[in-house]
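# Architecture and fold: a report
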Number of protein chains: 2
Amino acid sequence: MAPRYKQFEPKWFSGKIPANSYRSIFKWGDPNKIKAPRESLYQLIRDQFGLSDDTFKDYSENLGLDEVKYNLPGNLSPAQIAHFQELVGRDFVRTDDYARLSVAYGKTMYDIMRLRHQKVENVPDAVLYPDTKEQIEKIVEYCAAEKIPLYVYGGGSSVTCGVECVRGGISLDLRLRFNKVVSFNEIDQTITVEAGMSGPKLEETLNNAQTKFGAKRAYTCGHFPQSFEYSSVGGWAVTHSSGQNSTYYGDIQDIVKGQDYATPVGNISTDRYPSKATGPDIDQIMMGSEGTFGVLTHVTLKIFRHMPKTIKRFSYMFKDWETAQSAAREIIQSEGGHPSVFRLSDPEETSIMLHNYGVMDSPLKLLFSSKGFKINEMCLYLGFTNGEAGFSRNCAKNVHRIAKRYGGIWLSGIVTKSWEHGRFSDPDLRDTLQDFGIVMDTMECTVNWSNMSQVHRDVRAFVKSRPNTVCMTHMSHVYPQGANLYFIFITREHDPEEFKRFHAGILDAIQKSGAAMSHHHGIGKLFGPWLEGSIGRNEHAIYRALKKHFDPDNIMNPGGTLGFDLEEKDKRFLK
Amino acid sequence: MAPRYKQFEPKWFSGKIPANSYRSIFKWGDPNKIKAPRESLYQLIRDQFGLSDDTFKDYSENLGLDEVKYNLPGNLSPAQIAHFQELVGRDFVRTDDYARLSVAYGKTMYDIMRLRHQKVENVPDAVLYPDTKEQIEKIVEYCAAEKIPLYVYGGGSSVTCGVECVRGGISLDLRLRFNKVVSFNEIDQTITVEAGMSGPKLEETLNNAQTKFGAKRAYTCGHFPQSFEYSSVGGWAVTHSSGQNSTYYGDIQDIVKGQDYATPVGNISTDRYPSKATGPDIDQIMMGSEGTFGVLTHVTLKIFRHMPKTIKRFSYMFKDWETAQSAAREIIQSEGGHPSVFRLSDPEETSIMLHNYGVMDSPLKLLFSSKGFKINEMCLYLGFTNGEAGFSRNCAKNVHRIAKRYGGIWLSGIVTKSWEHGRFSDPDLRDTLQDFGIVMDTMECTVNWSNMSQVHRDVRAFVKSRPNTVCMTHMSHVYPQGANLYFIFITREHDPEEFKRFHAGILDAIQKSGAAMSHHHGIGKLFGPWLEGSIGRNEHAIYRALKKHFDPDNIMNPGGTLGFDLEEKDKRFLK
């Protein structure tokens, strides 16, 4: 249900979404739940774009309620289809329009705009729903023998066209059956799961380890990307995902302790040791390969004790971006333990968050002005700690001490709670706003501290060069050597190709500014053209050597992933 | 000087070591310093081996005081020598016997025994002393063109025959000139150094960052392998080294933030971002390659604040090995922050340490017996914490709380200080004892908690199957998922080949018991035969694919490193 507004109430879509519709594919979040912006945020957006309430009286965009239908014949032979049916079961091979489209796109705005326009391209010829590791190993073996392109669909939240089936073939939809616990080891604090295990199911399993496994304690996976609800463990590993609590729990590459892959040249099983000196780390060679070397089947993750009672929430307001950055750097370099959520917003994001959370209607507004803090300069820092009680307390104390030293105003934990409340559901706003032609997307990169201000300035400058465009920025994965910068941009656009050009311009700006092309979204096919130019020719040649080893016929996620199989002319800014 | 004994004083060697002698190459530690065991330790060893004082009245082994001299002609042409002289300077190419032998061996007992026997084999044809990264890049390019085998000598402390020049060619001795700071970045808390930078020089540089770089603070590298004094930063990275403080500071793979390599197919420079999602981690692909892909030239390391005043030392005695393991696991899994040094000894090691540190002559002995602890069962746990004062204090408090819960007897920080005192100089004892035919070496592996008791039992059983053999075991690099097990074995042996067979038997036992073949010693040529059998055929094929890419003519550290270029018959226990 949309919230009740005091003044004008826009025509937020709240109807039922037909089961076989385009909208059922592109909508983010629970199909029965509609999220609309808080009134003050609506007004801010309306004013930002120089619009009036009139614009929000009716939809400017296709709602995507039509049934999915298109005319793209598949290229698999009946014998091939029959073989797949034999491998996974007759009911678990689908070739209908809906099944094929439902695994073809991810969740970048370019995907969503195409789906709204019913622009169907790059669907697989068939979708398979495997049940076991052995089935997947046989599928990969067969695809290698028959040279059938093979794609994998885990949680479906890719924002890099990572899952798009550019060359047809088959896609393995892991959601239906390949999502089980393989083993749980309380002594070693690890769990092994099938790659299609979803984030929420894993977390629920671990939180209830006592009843599920007779464990002594409850556990957590500690990994909560914003896409949590629509993410899979396998997707986390192959794209180098990071969770919102990564500053304490680590990025996925710290959490994964072993993996099994089915590749065209045979199966790979990495060891499960916490550390070793037995040659290059094979887990790290496979992670980040985004389905181009093989299909990830089993994943062993380290798990952590679930101690929600030890959490200490905090939030502070800093005078300006430079002061806030210095404080953040001091906190993360001070060796007082790392907070779990560590989120610092730039002035534009701060302003919008304060409206969204209703802080600008509270007495805090007066406090800011009494201290001389200005709404277009000040920066919100929020987070919470995890860990054993004493560790968590000391960590929060350390944050407090440093924040005060940098003139931060303490805002209690309430702002943090508001953020937590929306942490997974904020993307739900996207579809609601887009019905009126307002598109919202994100882009992120990694930056060292010494380059932070410049990257922020350069990327923002490009985004803001487009008229009436909002650009909110924060850091949310923080390290002693630097942090990510996460840009959320909101603009008006109708044409997916025009939007893609704007998106490309942001990637250009990230590359030119000296940041890493991606902190945790991966590269996929959408960012592929930038990769070689960014990491270097000799460095990219290492990936190509591995690709050639694992997949000599280029059947694994082909079509530009990680910049493989691109023509020279399509690569951006080669050094 | 040898210590003064109350009873019999063995004839510990304390003469001057001639500059060009074999002993000057194999001796561990300062050539002018002799370390002899404390009297109680001497007596323990004497009795353990069923010897009398008579054995220690004169040496049974060659002292290695002769001048190095042998007859192994080099295979480089005069034109090649001249070209190298042009590249690095005439004075920095040496072909004399001493220079060649001085970089041919590492510090495993097999190396030392061969040197004592004046068994010279596998020396390089020439030794080069490069000064700059550009020189090394040109050397690699030239060696690739001329197919000249290329080896690298960093600190010289390899215990895996990692530096041995099995195919002749050249060795780059980095110690002389390639040991400078390239850049220091206090904002990002990183330092970039040449690969030949020694551990002590790096640490001294960072501790004095204020005077050397005008920094605001003093820093530490946090990386102190037992070989610290004879180790190089490049050696750390290419062999996956771990320092004694790794439980807090991380293993070298956590500390390295960027690397440059010169390879036969061109130069590689990895990015310097703290994390990213831009394909497989190239730093991790290169680390652990042990000179087989290319020569590591520049290394960027994360650095930490130097806060020696916040250290909290602790030591506890546990009743037995099972209790001690449970306590250690609880400490590391409790999320109260990780201690920095975290060292748990098994009963045999505990007994010897207590003698070595004089604890068995102190009133503590009575305390143990009053609690019913038995000398051949109890286990010593010691360590210290690092980090910000509150973090460090909480961490020690957490250790105390858990140790008490498992019935640990608090021993104050004195035992830890004794350990610290000898932490880098204990290997000095090796040469002193070996003069009487007593050899001492180490082997280590990684184990998950759930397999800890079995690996300990199996490997010990093999070592102890040799009559009169000491086997001391500890864990010293500890993770929530497991730890290393480090075996120190002392036995009587004269023949290097017989010793090597015993050594191989221990590697067999490690592999069969299900542990990783190496936690931080690397693989080199000595462990090479076990690698493929241990990690698997398809997994080892990934290394071979990378090897083929970087070094198609097999000139980089050839001769069995990482199990490359071995015949099938030489591989152990292939699955």
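Just so you know, the residues in each chain are numbered from 1, in the order the chain's sequence is written. Chains and ligands are labelled sequentially in the order written, the chains with letters from A and the ligands with numbers from 1. This being a predicted model, a pLDDT of at least 70 is required before a residue's local features are given, and a value of 80 or more before pairs of side-chain atoms are given or counted; all residues contribute to the totals for chains, interfaces and linings. Side-chain numbers come from the whole structure's heavy atoms, not from hydrogens or water.

### A short note on the relation of the copies chain A and chain B
- You can overlay chain A on chain B at an RMSD of 0.0 Å; the transform is a turn of 180° with a shift of 0.0 Å along its axis. Between the two chains, the operation in question is that of a two-fold axis.
- Comparing contact sets, 100% of the residues at the interface of chain A also lie at the interface in chain B, consistent with an isologous, same-surface contact. We superpose the copies by least squares over the C-alpha atoms of residues that have a pLDDT of at least 70 in both of them. Working rule for contacts: check all heavy atoms of both residues, and any pair within 4.5 Å makes them a contact.

### Details of the pattern of salt bridges
- Take a side-chain nitrogen of Lys or Arg and a carboxyl oxygen of Asp or Glu: if they are within 4 Å of each other, that pair is a salt bridge. Enumeration over the complete set of coordinates arrives at 79 salt bridges over all chains.
- Close ionic contact of Asp260 of chain A with Lys133 of chain A constitutes a salt bridge, the shortest N to O distance being 2.7 Å. You can see Asp260 of chain A sitting in strand 8 (residues 256-263) and its partner Lys133 of chain A sitting in helix 6 (residues 133-146), a full 127 residues away along the chain. The pair formed by Asp260 of chain A and Lys133 of chain A is uniform in burial state, with each residue classed as buried.
- When the shortest N-O distance is used, the salt bridge between Asp260 of chain B and Arg272 of chain B registers 3.2 Å. Of this pair, Asp260 of chain B sits in strand 8 (residues 256-263) while Arg272 of chain B sits in the loop between strand 9 (266-269) and helix 12 (282-286), and the two are twelve residues apart along the sequence.
- Exposed residues in this analysis have more than 50% of their type's maximum accessible area, buried residues have under 20%, and partly exposed residues fall in between, with area computed by a 1.4 Å probe over protein chains only. Taking relative accessible area as the criterion, Arg272 of chain B reaches 23% and is therefore assigned partly exposed. Every helix listed is a DSSP run of H or I at least four residues long, and every strand listed is a run of E at least two residues long, numbered separately from the N terminus.

### A look at the interface of chain A and chain B
- Each partner contributes residues to the interface: chain A has 89 residues there, and chain B has 89 residues.
- Accessible-area loss on putting two parts together, using a 1.4 Å probe and summing over both, is the definition of buried area adopted here. Carbon and sulfur atoms supply 54% of the area buried between chain A and chain B, which totals about 6600 Å² over both sides.
- Summed over the shared surface of chain A and chain B, the number is four salt bridges.
- Between Arg305 of chain A and Glu330 of chain B there is a salt bridge, and its shortest N-O distance comes to 2.9 Å.
- Pairs of N or O atoms are called polar contacts if they sit within 3.5 Å, as long as, within protein, a hydrogen donor faces a hydrogen acceptor (for residues adjacent in sequence, only side-chain-to-side-chain pairs). One can count 54 residue pairs in polar contact (both at pLDDT 80 or more) joining chain A with chain B.

### Some thoughts on the side chain of Asn557 of chain A
Residue and element names in this part refer to chain A.
- Position of Asn557 relative to the elements: it lies in the segment after helix 22 (537-550).
- A polar contact is formed between the side chain of Asn557 and the backbone oxygen of Glu290, at a distance of 2.8 Å.
- Excluding its chain neighbours within four sequence positions, the residues that come into contact with Asn557 are Leu150, Tyr151, Gly162, Glu164, Glu290, Gly291, Thr292 and Lys525.

### Concerning the sheet that holds strand 2 (residues 126-128) of chain A
Residues and elements named next belong to chain A.
- One requirement defines pairing of two strands: DSSP has to find at least two bridges between them. Here four strands make up an open sheet; going across it, the order is 1-2-4-3 and the pairing mixed. A strand with exactly one partner marks an edge of an open sheet, and here the two such strands are strand 1 (93-94) and strand 3 (150-153).
- With four bridges connecting them, strand 3 and strand 4 (residues 170-173) associate as parallel partners. Note that in strand 4 the partner of Val152 across the bridge is Leu172.

### Observations regarding the sheet that holds strand 9 of chain B
All names here are of chain B.
- Sheet architecture is open: five strands sit in the order 5-6-10-8-9, paired in antiparallel fashion. Edge positions in the sheet fall to strand 5 (181-185) and strand 9, since each has one partner strand and no second. Between one strand axis and the next, the sheet turns by 10° as a mean value, whatever way the strands run.
- Here four bridges tie strand 5 to strand 6 (residues 190-194), and the two strands are oriented antiparallel to one another. Bridging from a neighbouring strand, Ser183 pairs with Thr192 of strand 6.
- Helix 7 (residues 199-207) contacts strand 5, strand 6 and strand 10 (295-302) of the sheet and is inclined by roughly 145° relative to strand 6. Fitted lines through C-alpha atoms serve as axes, helices being fitted only where they are in contact, and the angles separating the N-to-C directions of these axes extend from 0 to 180 degrees.

### Remarks on a positive patch on the surface
- A contiguous patch of positive charge on the surface is contributed by Lys312, Arg393 and Lys397 of chain A together with Lys312, Arg393 and Lys397 of chain B.
- Of all the secondary-structure elements, those providing two or more residues to the positive patch are helix 16 (389-405) of chain A together with helix 16 (389-405) of chain B.
- With respect to the helices, strands and loops of the structure, Arg393 of chain B is situated in helix 16. Patch definition: residues with relative accessible area over 30% and no salt bridge; like charges joined within 9 Å; nonpolar side chains (Val, Leu, Ile, Met, Phe, Trp, Tyr) joined within 5 Å. Note on areas: these come from Shrake-Rupley sampling with a 1.4 Å probe, and a residue is covered only by the protein chains present in the view. Positive: Lys, Arg. Negative: Asp, Glu. His and the chain ends are not part of the count. Where a charge lies is defined by one atom per residue type, namely NZ (Lys), CZ (Arg), CG (Asp) and CD (Glu).

### Looking at the nonpolar core
- Only buried Ala, Val, Leu, Ile, Met, Phe, Trp, Tyr and Cys residues count toward a nonpolar core, and they belong to the same one when joined by side-chain atoms within 4.5 Å. Core analysis: the largest hydrophobic core is formed by 252 residues, its most contacted members being Phe84, Leu101 and Ile170 of chain A together with Phe84, Leu101 and Ile170 of chain B.
- Not counting residues up to four positions away in its chain, the partners in contact with Ile170 of chain A are Leu76, Phe84, Pro124, Ala126, Leu128, Ile139, Cys143, Ile148, Pro149, Leu150 and Tyr151 of chain A.

### A word on the packing of helix 19 (residues 452-464) of chain B against helix 20 (residues 496-513) of chain B
Residues and elements named next belong to chain B.
- Taken N-terminus to C-terminus, the directions of helix 19 and helix 20 make an angle of 160°; their axes are 9 Å apart at the nearest point. As summarised for this structure, helix 19 and helix 20 are arranged roughly antiparallel, according to the angle between their axes. Of the two possible hands of crossing, helix 19 and helix 20 adopt the one that is right-handed. From helix 19, Gln454, Val455, Asp458, Val459, Phe462 and Val463 reach across to helix 20, where they touch Phe502, Gly505, Ile506, Ala509, Ile510 and Ser513.
- A class-by-class count of the residues in the contact of helix 19 with helix 20 yields eight nonpolar, three polar and one charged. Roughly parallel means an angle under 35 degrees; roughly antiparallel, over 145; roughly perpendicular, 65 to 115; everything else is oblique. In this scheme the handedness of a crossing depends on how the near helix is turned from the far one: anticlockwise by less than a right angle means left-handed, clockwise means right-handed. Gly falls in the polar group here, along with every residue not listed as nonpolar (Ala, Val, Leu, Ile, Met, Phe, Trp, Tyr, Cys, Pro) or charged (Asp, Glu, Lys, Arg).

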